[in-house]
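Chains, contacts and geometry: an overview
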Amino acid sequence: MPDPGPIVLNRRTFLALAGVGGVALAACGTGTGTAPPANPRGLPSVPRAAETGRVREYLLDAAPMDLRLGSRTVSTWGYNGQVPGPEIRAEAGDTLRVRVRNNLPEDTTVHWHGVPLANAMDGVPGVTQPPVRPGEEFTYEYVVPIDGTFWYHSHVGLQLDRGLYAPLIVDSPGEGPAHDREYTLLLDDWLDGVDGLTPRDDVQFPLFLLNGRPPEDPPSLIARRGERILLRLVNAGSRAVFRVAVSGHRMQVVRSDSEPVQPVTVDALRISMGERYDVLVQADNPGVHQVAAIVDGLGQDGLARAVLRYEEAGESSAPPADAVPVEAERRLLTLADLQAAEELGTFPADGVPDRTYDLVLDSEGEGADRLWTINRQAYPDADPLPVAAGEWIRVRMTRRRGTHPMHLHGHIFQVRNATGRGPFKDTVLLDGAQEELEFDFVADNPGEWLFHCHQLYHMEHGMSRLVSYTGS
Ligand code: C2O
Ligand code: CU
C-alpha cells in the first residue's frame, strides 16, 4: 500500500483518489485506532483526513470559578476560569492531546461532540472510560479525522448546565467556504448561580448567553462593508432551542453540524441543543445590527445576542437588548431545505439497509418521577442497539411528546429527506414541527457509542441508548 505521506486529504482530493483505491486509503491511518473498517459497498461515509503527524497540546483545568454576567457575578464551574472554555483548534488529521485536570468537587469527563474519534477517547463515564476523580487528571489523545465546527463539554450529570463547554474548531486548508472573518457563537440557557439556582429541571431560565455574555453586555462582531463573515453557531444550552436571525442581513447556510450542504439562503434558522450551523453573512448594510438568538418553544421568553458592528458605523449605539429582528419571522430554514454537498454522496434510494431500528420517543410518569423513554425503556435499564462493523444502519424515529435533539456519538448520519440527498449531521431535532425522521449511517467506527437526547434533563432521565458493535 503506498504511503500517502503527510498530506491532509480534503474532501475533493479524497474524491479524486476514491476511484483509484479510496477504500485502501481510508484504512491507512494505523496506530491510533481511528481508521474505519473498509466500506466495500461504497456507501457514503465522511472521509477521514490522513494523519499529519502534528500534535497539538492543550491543558484544561475544570474548576469552580466566578463569572461576571453584566451587572452580577455568579459562582459556577468552568474550564480555565472562563465561560465558554478556551477554543481548541486543529487541522484535520492532527493529533489533539488535551490534559484535563479535575479540580471540581465531583467526577468529570470531557466529550468531543461530533468528532468521530477513537471510542476510548469519547468521554462517556462508565462506558468509554472511568470518570476522572476530583484531584486527578486524564489525557485525551486522538486524531481529529474531519474538519468543521465542533464543541466539547462535560458528560457527567448536569455539569453541562454549568459553564463546562467550549468550541472545538477543525480546519482543513483549502476547504470550507471562503470568508474574510469568522466568529464562533455559543448559545446557552443559563441559571447556575443566579439567585442561588443550581442546575435542575422545571425552572425558568433567568438568562440566555452568547459567548458567556448576557444581552446587557453583548459581544461585538466587527465587520467592514464588502466582507463575507462566517458565523459558526453552536447551541450549548441544556433545554433551549434558539431561532437565530441577523437584522438587515440574510444568512447563507453552508454547513449543518460539521458537514457541507448545498448553500441555502434564509432569514432565520432554528438550532437545537448540540447542533451547529455554519452560515455566511454578506456585510453589505453598514450600521450596528442585532444578532439575535431568540428562545423558541421553551414556554418562556428570552433572547441572547451579539451585535454586528461595521467599522464604518463608528461609535453608533447598539440596538436595544431585547430587539427582535424582523428577519426572525421571515424565511426560516427547514430540514427539507438541506441537501448534502454533492461530493458526500447518498445512500442508494432503492437499497436495503442491513438493519433498521424503529424508535419511539416518549415519556411516562409525571413531575419529578417522569422518565423519558425510547421504546418504553429508560436508560440505563435499556437494551443496547447492536450493529456490526461495515453495516448500513437505518434509524427511524417517531416522537410522541417532547422536544428531542437526538445525538449519535462517533458517527455522522445522513438524514433522509425529499431532496434525495439529505444533510449529514450528528444531531437532529424532533419536535412538533418534525414528528418523524429517518437517518442512515455506516457502522464504521467500532466501540460502544451513546445515542441520546441532548436535552440534558431528558438524557439524565432515561432518553439514551448504547449503539454497541457486536464483537468489539
Ligand atoms: Cu454533546 Cu453525548 O453529547
Ligand atoms: Cu429529549
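Going by the structure above, here's the rest.
Throughout what follows, the structure given in this document is the object of discussion.

1. Here's the deal with the overall build of the protein chain
For the protein chain, the count of helices and strands is 3 helices and 30 strands. The C-alpha radius of gyration computed for the protein chain amounts to 21 Å, which stays within 12% of the reference 23 Å derived for 472 residues, consistent with globular compactness. If you line up the protein chain on its principal axes, its C-alpha atoms span 60 × 55 × 45 Å. Restricting to contacts in the protein chain with at least 6 residues of sequence separation, those with at least 24 account for 75%. Of the charged side chains in the protein chain, 43 are positive and 65 negative, and the gap between their average positions amounts to 3 Å.

2. Quick word on the sheet that holds strand β5 (residues 110-113)
With mixed pairing, 4 strands are arranged side by side in an open sheet as β3-β8-β7-β5. Each edge of the open sheet is held by one strand with a lone partner, namely β3 (88-91) and β5. Here the strands of the sheet are splayed against their neighbours by 20° on average, with no regard to which way each runs. Looking at chain direction, β3 and strand β8 (residues 165-171) are connected through 4 bridges and run parallel.

3. What about the side chain of Arg399?
Tracing the backbone shows Arg399 in strand β23 (residues 392-399). The class for Arg399 is buried, based on a relative accessible area of 15%. Within the structure, the side chain of Arg399 is placed 3.4 Å from the backbone oxygen of Asp431, a separation counted as a polar contact. For Arg399, the side chain forms a polar contact with the side chain of Glu435, separated by 2.8 Å.

4. Quick word on the coordination of the copper ion (ligand 2)
Within the protein, the copper ion (ligand 2) binds to His404 (ND1), Cys453 (SG) and His458 (ND1); these donor distances fall in the range 2.0 to 2.1 Å. Each donor residue of the copper ion (ligand 2) lies on one chain, and together they are spaced H-x48-C-x4-H. Accessibility classification places Cys453 together with His458 in one group, the buried group.

5. A few points about the environment of Pro218
You can see Pro218 is positioned in the loop between β10 (207-210) and β11 (220-223). Of the residues examined, Pro218 reaches a relative accessible area of 16% and is grouped as buried. Pro218 sits 159 residues away from Leu59 along the chain, and the two C-alpha atoms are 28 Å apart. In this structure Pro218 touches Arg213, Arg305, Ala306 and Val307, once residues within four positions along its chain are discounted.

6. Considerations on the pattern of salt bridges
The full count for this structure, using the stated rule, is 39 salt bridges. The salt bridge partner of Arg89 is Asp171, with a shortest N-O separation of 2.9 Å. Residue Arg89 is found in strand β3, and its partner Asp171 is found in strand β8; the two are separated by 82 residues along the sequence. You can call Arg89 partly exposed: its relative accessible area is 22%. Of the charged contacts, one joins Lys425 and Glu275 as a salt bridge, the two residues approaching to 3.0 Å between their closest N and O atoms. Residue Lys425 is located in strand β26 (residues 424-425), and its partner Glu275 is located in the loop between β16 (268-271) and β17 (276-282); the two are separated by 150 residues in the primary sequence. Glu275 matches Lys425 in its accessibility class, with the two residues each being buried.

7. Let's talk about the packing of aromatic side chains
A complete count under the given rule lists 11 aromatic pairs for this structure. Centroid distance Phe138 to Tyr140: 4.6 Å. Interplanar angle 65°. Geometry classified as edge-to-face. With relative accessibility at 24%, the residue Phe138 sits in the partly exposed group. Judged by centre distance (6.1 Å) and plane angle (55°), the rings of Phe205 and Phe208 are tilted. Look at Phe205 and you get buried, because its relative accessible area is 4%. Judged by its relative accessible area of 3%, Phe208 falls in the buried class. A connected cluster of aromatic rings, assembled from ring pairs, spans Tyr79, Trp112, Phe138, Tyr140, Tyr142 and Tyr152. A cation over an aromatic ring shows up here: Arg162 above the ring of Trp77, its NZ or CZ 4.1 Å from the ring centre. The lysine or arginine in question, Arg239, covers the ring of Tyr457, its NZ or CZ lying 6.0 Å from the ring centre.

Reading the values: the criteria
Residues numbered from 1 in each chain as written. Chains lettered and ligands numbered in written order. Predicted model: local features only at pLDDT ≥ 70, side-chain atom pairs only at ≥ 80, totals over all residues. Heavy atoms only, no water. Helix = DSSP H or I, 4+ residues; strand = E, 2+ residues; numbered from the N terminus. Rg over C-alpha atoms; globule rule 2.2 N^0.38 Å. Contact = heavy atoms within 4.5 Å. Lys, Arg positive; Asp, Glu negative; His and termini not counted. Charge placed at Lys NZ, Arg CZ, Asp CG, Glu CD. Pairing = 2+ DSSP bridges. Axes fitted to C-alpha atoms, helices over the stretch in contact; angles between N-to-C directions. Buried < 20%, exposed > 50% of the residue type's maximum accessible area, 1.4 Å probe, protein only. Polar contact = N/O pair within 3.5 Å; in protein donor to acceptor, adjacent residues only side chain to side chain. Donors = N, O, S within 2.8 Å, 3.2 Å for Na, K, Ca; no water. Salt bridge = Lys/Arg side-chain N within 4 Å of Asp/Glu carboxyl O. Phe/Tyr/Trp six-rings, centres within 6.5 Å; stacked < 30°, edge-to-face > 60°. Lys NZ or Arg CZ within 6 Å of the ring centre and 35° of its normal.

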